Amino acid sequence: MKPVWIALVALAAGCASIATVAAQSFPAHKVTITAPFPPGGPSDATARVIQPELERIFKQTVIVENVPGASGSVGVQKFLDQPADGHALLLGTADNTVLAPLSVASARYDGSSVRLVTLLNRSYFILATRPGLKAGSVADLVALAKAPGSKGLTFASWGIGSMPHLIGEDFRLRTGASMLHVPYRGMAPMVVDLMGETVDIAFLPLAGNVPELLASNQIKALAVTSAQRLDTLKAVPTLTETGTAGNFEYSIWPGVFVSPKTPDAVAGTINAAVAEVMKGAAFRKFVVESGSVIAEPMSLAEAATFYKAEIDKFQGIAKQIQLQKQ
Amino acid sequence: MEILQNLALGFSHALSFENLLFCAIGCVVGTVIGLLPGLGPLATISLLLPLTYSIPTSGALIMLAGIYYGAQYGDSVSAITMKIPHASSIVTCIDGYQMTLKGKTGLALFTAGVSSFIGGTVSIVVLAWLAPQLGRVALLFGPADYVALMLFGFVCVSVITTGSLLNGLAMCLIGVLLGQVGTDVETGVPRFTFGLHSIADGIGLVSLALGCFGIAEIAKNIDARETRTPFSGRIDLIPTWPEFKRIVPSALRGSAVGSFLGLLPGGGPVIAQFAAYAVEKKFSRYRDQIGDGSIEGVAGPSGADEAAARTSFIPLMSIGIPENAVMALMMSAFIIKGIQPGPNMIAKHPDLFWGLVASMWVGNVFLLVLNVPLVRYWLSIFKIPYDVLFPSILFFCCIGTFSINNNIDDVYVTAAFGLIGYLFIKIKLDAAPLMLGFVLGPMLEENFRRAMLISRGSFDVFVERPISATLLSILALFLAWQVVGAMLRARRGRSGERPADTVAP
């Protein structure tokens, strides 16, 4: 009995020390951040902003590799093919890691195939309407969509199975409003058609040019999907507060992911490094200027809980609307 | 007079020593990289974007803009001399390469350069006077209007087809079919992807263009076992006065077409080139020569491409919406520099906006000054013997396709289209209409289905909207005129007066 115990303890100690060595020697060589979207756009800009900062902290070359395609699943898949030693990072959103595998058949992973290290920043969604739509509040909007003889409303998204699609469907299911989904290729054309009165409403992340479009009345915001009203949009109620759709909270957040097989110590090092970047003035300035909200640094455990909740939420809606893997 | 003040402000920024330097560096680097076969503006900008991170904001943006124009110009050089186009010279290469085969490389390059200059100048006037208002043009076009516009585009098939119209139509439809590959927007169903991840978002325009033109052309040259160099070696750059007089009106027509089409999201410069080519074929005095190496066939599309490339900055800077991949990259450069393109950008950063506008023109002058004397040095690259040149061209084609999505599979797709393009050449089918079908087909389908979806299946939407109703009626009149014209010609031909010389489009 005794020798076995000793051996086990020795083994455990050995493992621990290997893990510490791994953590101490991380990063041993260049770190690659896979960004599963094309260059340009807010998430890519986030990657480009943290890249030099991480380089400074890690004292290693950090490169951003854009691998777009199939709702980001090509990039996620490529990331998963790399060794799980923390030198391969993924900078993505739930759109790429949770939602893409729900609708893209060629994506052979699911939300839990990746581990969230921390969120970087978050953008809440606004329930936006075209400028000419005669609805001053969410209640008006729902009434309009339910009015007898009306054809119902159209709502835009950046693709089948994308976040604004699922959020829109959730809103439809909860309010019982008659709403027709109009998918687009990407966010830019969908915003153009909303501004040009072609589609009625859309859930738009409050980031990029959206705050300015609101300020110049080119689109209207009826509600915001945060828990409390936002400082930047004091006049706009939260959707929950309007009492039309129950507790209705959503946000889109670029986060840093690693493979779940990555040693905890290495994940911890990455978590700490990213937290340091997030505290830096350069990052804070970037987040504020890009119109989104700074996320407070999370511990690994907090990140895991948060990510699990996101997975459950979106998988739930996908099931309800019978979203098919195509 | 506010405009002049603004422009003065812009030039005061653009002409500062530092910014002038950044503009010059951008233009030169852009030209050199764009010159490499297979590397177009998109690849060049994404490769060089990191260079600008450490440069002050206005300098960085000016340099990127310089890289963009430089790459476009460089691209036209490889398109004209070797028929290896990227997206920005798909049409220019039709007549440009024909001119090269006739030993008129120098003239073709000069025409492309001057036309780009004219296109750039016209669009800058448009940009300076109308930028804030023109941003809204994109908003006036709903899906139904795009459908009408795309149908108009299909009329171009008859124009860019050399030889049999039936072949041209067939190729165009093959292009439309190729455009169907990828995920259907409305249902999310992958079509004709054979489960391959790499074509889940469709076949890349660059893969198709490089394969069907560039690689196929190389294969053909090897096949021919001729010792012909891509160009004759002697370059007469400066045209004669009568030749020069032919450039200007075509370039101006092209610029007008390009300035307008550049404002619309989607294909932008590519569609502008096809449209300008069609305009030349219809309205130029030398329309009979277009297709086998005419100045007009180069001048129109070059002017249109340059003009569209610049006016496509308008939606980005006035409403913050990038309308193509290159603009999305420019947008990311803006955002990294802490500037959010949007409705307030011009008001918030007047120095930046006007500085950029002014530097676009300065960049144009640079390109012209730089390229007239330097073009013979650029071209000496192509004096390398074939057995070295061809492998290196293929190498750069691989880098060019790979760099767009960082995906090795794209290289295989390009290679496959090289083979298909070679077969097309062998059975004497023209790839240009295929390109047109490939660009327009998916846009037509997407917008048609969206229009029908939003109208809940009612066709009324096409006649209710003023833009689509107008465009469709013009189209109907045009087709009627062509059909009647063809019938009249056929009757005259049958009565033995003289044979019908051209087939009506």
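Residues numbered from 1 in each chain as written. Chains lettered and ligands numbered in written order. Predicted model: local features only at pLDDT ≥ 70, side-chain atom pairs only at ≥ 80, totals over all residues. Heavy atoms only, no water.

**Brief notes about the domain arrangement of chain A**
All names here are of chain A. Looking at chain A, the domain boundaries give domain 1 (23-120 + 253-320) and domain 2 (123-251). Computed from C-alpha coordinates alone, the two centres of domain 1 and domain 2 are separated by 27 Å. Between domain 1 and domain 2, the contact holds 14 residues from the first and 17 residues from the second. Approximately 1300 Å² of surface area, both sides summed, lies buried where domain 1 meets domain 2, with 63% of it carried by carbon and sulfur atoms. Sorting the residues of domain 1 by area buried against domain 2 places Asp95, Phe314 and Ile317 first, and these three jointly supply 32% of that buried surface. Applying the counting rule to domain 1 against domain 2 returns 0 salt bridges. Here domain 1 and domain 2 share 3 residue pairs in polar contact (both at pLDDT 80 or more) between them. Among the secondary structure elements, those contributing two or more residues to the side of domain 1 that touches domain 2 are helix H4 (94-103) and helix H12 (300-320). Sort the elements by how many residues they give to the side of domain 1 that touches domain 2 and H12 lands first, with 5 residues. Residue composition of the side of domain 1 that touches domain 2, grouped by class: 6 nonpolar, 5 polar and 3 charged. (Domains from an automatic or database assignment. Contact = heavy atoms within 4.5 Å. Buried area = accessible area lost by both parts, 1.4 Å probe. Salt bridge = Lys/Arg side-chain N within 4 Å of Asp/Glu carboxyl O. Polar contact = N/O pair within 3.5 Å; in protein donor to acceptor, adjacent residues only side chain to side chain. Helix = DSSP H or I, 4+ residues; strand = E, 2+ residues; numbered from the N terminus. Nonpolar A, V, L, I, M, F, W, Y, C, P; charged D, E, K, R; others polar.)

**Examining the packing of aromatic side chains**
Evaluated as defined, the whole model comprises 24 aromatic pairs over all chains. Between phenylalanine 171 of chain A and phenylalanine 203 of chain A, the ring centres sit 5.7 Å apart and the planes meet at 70 degrees, which makes this aromatic pair edge-to-face. Of the two residues, phenylalanine 171 of chain A sits in helix H6 (residues 163-175) while phenylalanine 203 of chain A sits in strand E8 (residues 201-205), which places them 32 residues apart along the sequence. Phenylalanine 203 of chain A carries the same exposure label as phenylalanine 171 of chain A, and that label is buried. The residue whose ring lies beneath lysine 313 of chain A is tyrosine 250 of chain A, and the NZ or CZ to ring-centre distance is 4.6 Å. Sitting over the ring of tyrosine 69 of chain B, arginine 310 of chain B keeps its end group 3.5 Å from the ring centre. (Phe/Tyr/Trp six-rings, centres within 6.5 Å; stacked < 30°, edge-to-face > 60°. Buried < 20%, exposed > 50% of the residue type's maximum accessible area, 1.4 Å probe, protein only. Lys NZ or Arg CZ within 6 Å of the ring centre and 35° of its normal.)

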